[in-house]
Amino acid sequence: MRSSAVRDLFSAAVRPDIISLSGGMPDVSLLPASAVRKAVRAAVDDQRAVALQYGATDGRVETRQVFCDLMRDIGVRCKPGNVLLTSGAQEAIDLLAKAFVDPGDIILAEGPTYLTALQAFSAYEADVRCIDFDDDGMRMDLLEEELERIGKGNPRLKLCYVIPNFQNPGGVTMIPERRKRLLELSHEYGFMVIEDDPYGRLRYEGGHQIPLKALDDDVIYLGTISKVFAPGLRTGWIVAPKSVLSKVNLVKQGTDLCGSSFDQVVVEHYFTDTPWQRTLQKFVRTYRVRRDAMLAALEEFFPPEATWTHPEGGFFVWVTLPAYVDTGSMLGAALDAGVTYVPGDSFFPDGQRGKNCMRINFSYETPENITEAVRRLAGVIEERLELYRVFLEAGAIKDSGSDQSRGSSRGSGKDLGKATDFEQTRSE
């Protein structure tokens, strides 16, 4: 197991001189205090005996019904019996791996993918195989090639973990044709599909995409309130067939007995007794402005060798630099300049690919801070590029020929391999 790069950066991110582009935090200051106060008071004044007590392992039926209502809004029909509450979607990922994955089992995922999902999978010694994405999501041609190598009827092939809406860290969205093909392949090769959807309601342009769960009832859907309400109230949910939930319920009993009844009651009242949709639209408007500020700053300050994705929603932009730049070794200089990001190799299971990439976040900082952070980061990158040019002119290294034109990036469209000659020379 490897430590989460995001968690490691939290201590640095709280420094007053640092502008953080690393964590995927919502701006909870946008929540109206009156709505939060109303939900908390209901839990304390009206339902104290329930909220402060142990609860059922699968969660309060009233809260599960609330999430059924939320699912109906995005095109998924389910009943409380098909819902299990978790301590955030992160626990849901861990419980599913605990219930279904044995050492050596194969898990397919987008490459790059959510780094703490990789943490969960690594704890159970899974063989995680990343499939490259482009602007339209996971590439089905590459997925089919990998499945052919694995073979039909292979008992080691267990599941495919995807974030189809505004993927973390890539920011890309899977198009309908690829969603349909993924489900067809899941039945053809016999693997489960886990659809992680923390950002689906945070769309800033384009139209609603039908969830995988709405297309196939066998899909295991993961939801969370962390991005649309409060991550401090550790509440997420799984929507899945009862045969799946019975096994997850069993392993959850051994993990934490039950989730927080208090959190569930507060969440329940927030989504039933307050105008939360109005607050959600406030989130969307604010994050759209911040996304636009980041994209404009990247266009203004970043060198022409850099490329990046253009997310239609969510929290993240994935930046790709020339192959000779190691964003992990560059992080110290960025901290000295007063900005943080997450190095790209954190989002791959081998910790090798993605070394010339980074994930930057636009949800938390103000537009002014985002612009300044990108300006600072561009200065750090330019120093690396200038150093490379010096080595190149001196004949100490060969031209890698890796310069890329400005525009949308695939992020992981090629095998990045190990450190380049430039990085090895510089470290020596």
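Attention in this report is confined to the structure presented alongside it. (Residues numbered from 1 in each chain as written. Predicted model: local features only at pLDDT ≥ 70, side-chain atom pairs only at ≥ 80, totals over all residues. Heavy atoms only, no water.)

**A short note on the packing of aromatic side chains**
As enumerated under the stated definition, the model contains 15 aromatic pairs in all. Aromatic side chains Phe 121 and Tyr 161 sit 5.7 Å apart centroid to centroid with 80 degrees between the ring planes, which places their arrangement in the edge-to-face category. With Phe 121 in helix H6 (residues 115-123) and Tyr 161 in strand S6 (residues 157-162), the pair connects residues that are 40 residues apart, well separated along the chain. Assigned by exposure class, Phe 121 and Tyr 161 land together as buried. Plain terms: the ring middles of Tyr 204 and Phe 362 are 6.4 Å apart, the flat faces sit at 70 degrees to each other, and that makes the pair edge-to-face. Taken together, the residues Tyr 204 in the loop between strand S7 (192-196) and helix H9 (212-215) and Phe 362 in the loop between strand S14 (357-361) and helix H14 (367-393) connect sequence positions 158 residues apart. By the ring-pair criterion, three or more aromatic residues cluster together here, those being Tyr 199, Phe 283, Tyr 287, Phe 315 and Phe 316. Looking at Lys 152, its charged tip hangs above the ring of Tyr 189, at a distance of 5.6 Å from the centre. (Phe/Tyr/Trp six-rings, centres within 6.5 Å; stacked < 30°, edge-to-face > 60°. Helix = DSSP H or I, 4+ residues; strand = E, 2+ residues; numbered from the N terminus. Buried < 20%, exposed > 50% of the residue type's maximum accessible area, 1.4 Å probe, protein only. Lys NZ or Arg CZ within 6 Å of the ring centre and 35° of its normal.)

**Quick notes on the packing of helix H7 (residues 140-150) against helix H8 (residues 176-189)**
For the pair H7 and H8, interaxial distance at closest approach is 11 Å and the crossing angle is 10 degrees. Judged by the angle between their axes, H7 and H8 are roughly parallel. Contact residues: Met 140, Leu 143, Glu 144, Leu 147 and Glu 148 in H7; Arg 178, Arg 181, Leu 182, Leu 185 and Tyr 189 in H8. (Axes fitted to C-alpha atoms, helices over the stretch in contact; angles between N-to-C directions. Parallel < 35°, antiparallel > 145°, perpendicular 65-115°, else oblique. Contact = heavy atoms within 4.5 Å.)

**Examining H6**
Turning to H6, its buried residues number three or more, namely Leu 115, Thr 116, Ala 117, Leu 118, Ala 120 and Phe 121. Where H6 ends, the next residue or the one after it, Glu 125, has phi of about 60 degrees, a positive value.

**Re the packing of helix H12 (residues 276-301) against H14**
Contact geometry of H12 with H14 gives a least axis separation of 9 Å together with a crossing angle of 25 degrees. Here H12 is positioned roughly parallel relative to H14, judged by the angle of their axes. H12 and H14 meet at a crossing whose hand is right-handed. Of H14, the residues touching H12 (which contributes Val 289, Arg 290, Ala 293, Met 294, Ala 297, Leu 298 and Phe 301) are Pro 367, Ile 370, Thr 371, Val 374, Arg 375 and Ala 378. (Left-handed = near helix turned anticlockwise from the far one by under 90°.)

**Things to note about the pairing of strand S4 (residues 127-134)**
The side chains of a regular strand alternate, residue by residue, between the two faces of the sheet. Burial of S4 is extensive: six of the eight residues sit out of reach of the surface. Looking at chain direction, strand S3 (residues 106-111) and S4 are connected through six bridges and run parallel. When the sheet's bridge partners are listed, Glu 110 is paired in S4 with Ile 131. Following the chain from S3 across H6 to the adjacent parallel S4, one finds a crossover that is right-handed. Pairing geometry for S4 and strand S5 (residues 137-138), over two bridges, is antiparallel. Along S5, the bridge assignment pairs Phe 133 with Met 138. Taking the residues between adjacent antiparallel strands as the criterion, S4 and S5 are bridged by two residues. (Pairing = 2+ DSSP bridges. Right-handed = clockwise from strand over helix to strand, strands pointing away.)

**Description of the sheet that holds S5**
What the eight strands build is an open sheet, ordered S2-S9-S8-S7-S6-S3-S4-S5; its pairing is mixed. The open sheet has two free edges, formed respectively by strand S2 (83-86) and S5, since each of these has just one partner strand. Examined bridge by bridge, S6 and S7 share four bridges and lie parallel to one another. The residue of S7 that forms the bridge with Tyr 161 is Ile 194. Along the sheet, helix H5 (residues 88-100) contacts S2, S6, S7, strand S8 (220-224) and strand S9 (236-239); its crossing angle with S8, the most-contacted strand, is approximately 150 degrees. Across the sheet, H7 touches S3, S4, S5 and S6, and the angle it forms with S4 is around 155 degrees.

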